[in-house]
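# Descriptive structure summary
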Amino acid sequence: MRFRAKIVDLACLNHFSRVVNTIAKLAKTCTLRLTVSKLYFILSDKVANGGVSMWCELCQGNFFDEFQMEGVATEHNEIYLELVAENLSRALKTAQSAKAVKMKLTNKHCPCLRVAVELPSLSSSSRIVTHDIPVGVIPRRLWNDFREPSVPDFDVSIYLPVLKTMKSVVERMKNLSNSIVIEANLNGEMNLKIETDLVSVTTHFKDLGNPPWASEDGCPSSAPDRDLESMAEARIDIKKLQQLLAGQQVNPTKALCNIVSKRIVHFILLHEDVSLQYFIPALA
């Protein structure tokens, strides 16, 4: 099992750093899955137990100048590592003006992901800062726990308003309640509501548009006979929503959410070369 990679392009490096930073804000520990063409950051708390889950996918070719890996076996050419996302994020923070960053799987006293940052120096010799990030290697028999979460048959799918706006609304509401109701319909309308014994606050968004999910190509489709005006809603933990919005450092080109009434809210944030899915289960 081997892995080594290198990023030379500064824009790619900063972009990768922002992605990892976002992940670190959403997950304390996560699974890094490496395949020949892609990297995945996965958090699979069991949604049934009230945990959120996350699936972030990047094409390695858009970030890395060199990328070599050999998985655990020829027919299973993948590597699954468990790591503390903040450690990787911290290592990349030292690389803001680096000439190159190399990553390599090593095994000195324990398995580590070594991040070597080559910094520009005035003399001819280069300065290299090395971070060894401890990782756990996930055995093949557990890989099935980290499959891409399936998108549930949702009642409503809707584009999100500008995330900055949504973030400031949620931050204000967070001081008033621990939970928030997200509701939306197929008419491009979405409401964020909190209701406590003392206050009831609703923010309305309209003309957001609904994604054209097609049923013919196997994508899930919202109920075709659903009344356009009727709202699908789910009450979720406001801190989990705030965490998602506050952690966004990759400015998505598209952001949408799918609501399964009273069960789950599934967020999808798309950037040219990164897609992030985030599942927040509804509160009882």
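Residues numbered from 1 in each chain as written. Predicted model: local features only at pLDDT ≥ 70, side-chain atom pairs only at ≥ 80, totals over all residues. Heavy atoms only, no water.

In the annotation of an unreviewed UniProt entry, the entry for the protein chain reads Checkpoint protein HUS1, and the organism field reads Eubucco bourcierii. A UniProt comment under Sequence similarities (unreviewed entry) is attached to the protein chain, and it reads "Belongs to the HUS1 family." (UniProt positions renumbered as here; feature names shortened; annotations may be inferred.)

Bringing the sheet that holds strand β16 (residues 254-260) into the picture now. Overall, antiparallel pairing links the nine strands, which are arranged β10-β6-β2-β3-β4-β18-β17-β16-β11 in an open sheet. Here the strands that pair on one side only, and so sit at the sheet edges, are β10 (136-137) and β11 (156-159). Relative to β10, strand β6 (residues 79-84) runs antiparallel, the two sharing two bridges. Looking at the pairing, Glu 82 lines up with Gly 136 of β10. Contacting β17 (264-271) and β18 (274-281), helix α4 (residues 238-246) runs over the sheet at an angle of about 170° to β18. (Pairing = 2+ DSSP bridges. Helix = DSSP H or I, 4+ residues; strand = E, 2+ residues; numbered from the N terminus. Contact = heavy atoms within 4.5 Å. Axes fitted to C-alpha atoms, helices over the stretch in contact; angles between N-to-C directions.)

Moving on, we come to the packing of helix α3 (residues 163-174) against α4. The packing of two helices is summarised by the inter-axis angle and the distance between the axes. Between α3 and α4, the least distance of the axes is 9 Å, while the angle of their chain directions is 145°. Along this stretch, α3 crosses α4, giving a crossing that reads as left-handed. Residues Leu 163, Met 166, Lys 167, Val 170, Glu 171, Met 173 and Lys 174 of α3 pack against Ile 238, Leu 241, Gln 242, Leu 245 and Ala 246 of α4. The residue makeup of the contact of α3 with α4, split by class, is eight nonpolar, one polar and three charged. (Left-handed = near helix turned anticlockwise from the far one by under 90°. Nonpolar A, V, L, I, M, F, W, Y, C, P; charged D, E, K, R; others polar.)

Considering the arrangement of structural elements, one finds Arg 235 in strand β15 (residues 232-237). The sequence separation of Arg 235 and Glu 183 amounts to 52 residues, and the corresponding C-alpha distance is 8.7 Å. In contact with Arg 235, not counting residues within four places along its chain, are Ser 179, Ile 180, Val 181, Glu 195, Pro 281, Ala 282 and Leu 283. At 3.0 Å, the side chain of Arg 235 and the side chain of Ser 179 are in polar contact. (Polar contact = N/O pair within 3.5 Å; in protein donor to acceptor, adjacent residues only side chain to side chain.)

Turning to its location among the elements, His 76 is positioned in the loop between β5 (66-70) and β6. As for His 76 and Thr 35, which are separated by 41 residues in sequence, their C-alpha atoms are 9.4 Å apart. Apart from the residues lying within four places of it in its own chain, the contact partners of His 76 are Gly 71, Arg 140 and Trp 143.

Reading across from one edge, β14-β13-β12-β15 is the order of the four strands in this open sheet, with antiparallel pairing throughout. The sheet is open, and its two borders are formed by β14 (200-205) and β15, each paired with just one other strand. Within the sheet, the average angular offset between the axes of one strand and its neighbour, ignoring direction, is 20°. Examined bridge by bridge, strand β12 (residues 179-184) and β15 share six bridges and lie antiparallel to one another.

Further remarks concern the domain arrangement of the protein chain. You can read the domains of the protein chain as domain 1 (2-145) and domain 2 (156-216 + 227-281). One C-alpha centre belongs to domain 1, the other to domain 2, and the line joining them spans 29 Å. Listed as interface residues are 21 residues of domain 1 and, on the opposing side, 19 residues of domain 2. Both sides of the domain 1 and domain 2 interface together cover about 1,700 Å² of buried area, and 59% of this is carbon and sulfur. The tally of links between domain 1 and domain 2 comes to zero salt bridges. Counting across the interface, domain 1 meets domain 2 through six residue pairs in polar contact (both at pLDDT 80 or more). (Domains from an automatic or database assignment. Buried area = accessible area lost by both parts, 1.4 Å probe. Salt bridge = Lys/Arg side-chain N within 4 Å of Asp/Glu carboxyl O.)

For the rest of this paragraph, the subject is the environment of Ser 37. Of note, Ser 37 is situated in the loop between β2 (29-34) and β3 (38-44). Given a relative accessible area of 46%, Ser 37 falls into the partly exposed group. Sequence-wise, Ser 37 and Trp 143 are 106 residues apart; in three dimensions their C-alpha atoms are separated by 18 Å. Ignoring sequence-local partners within four residues, the contact set of Ser 37 consists of Leu 58, Cys 59, Gln 60 and Gly 61. (Buried < 20%, exposed > 50% of the residue type's maximum accessible area, 1.4 Å probe, protein only.)

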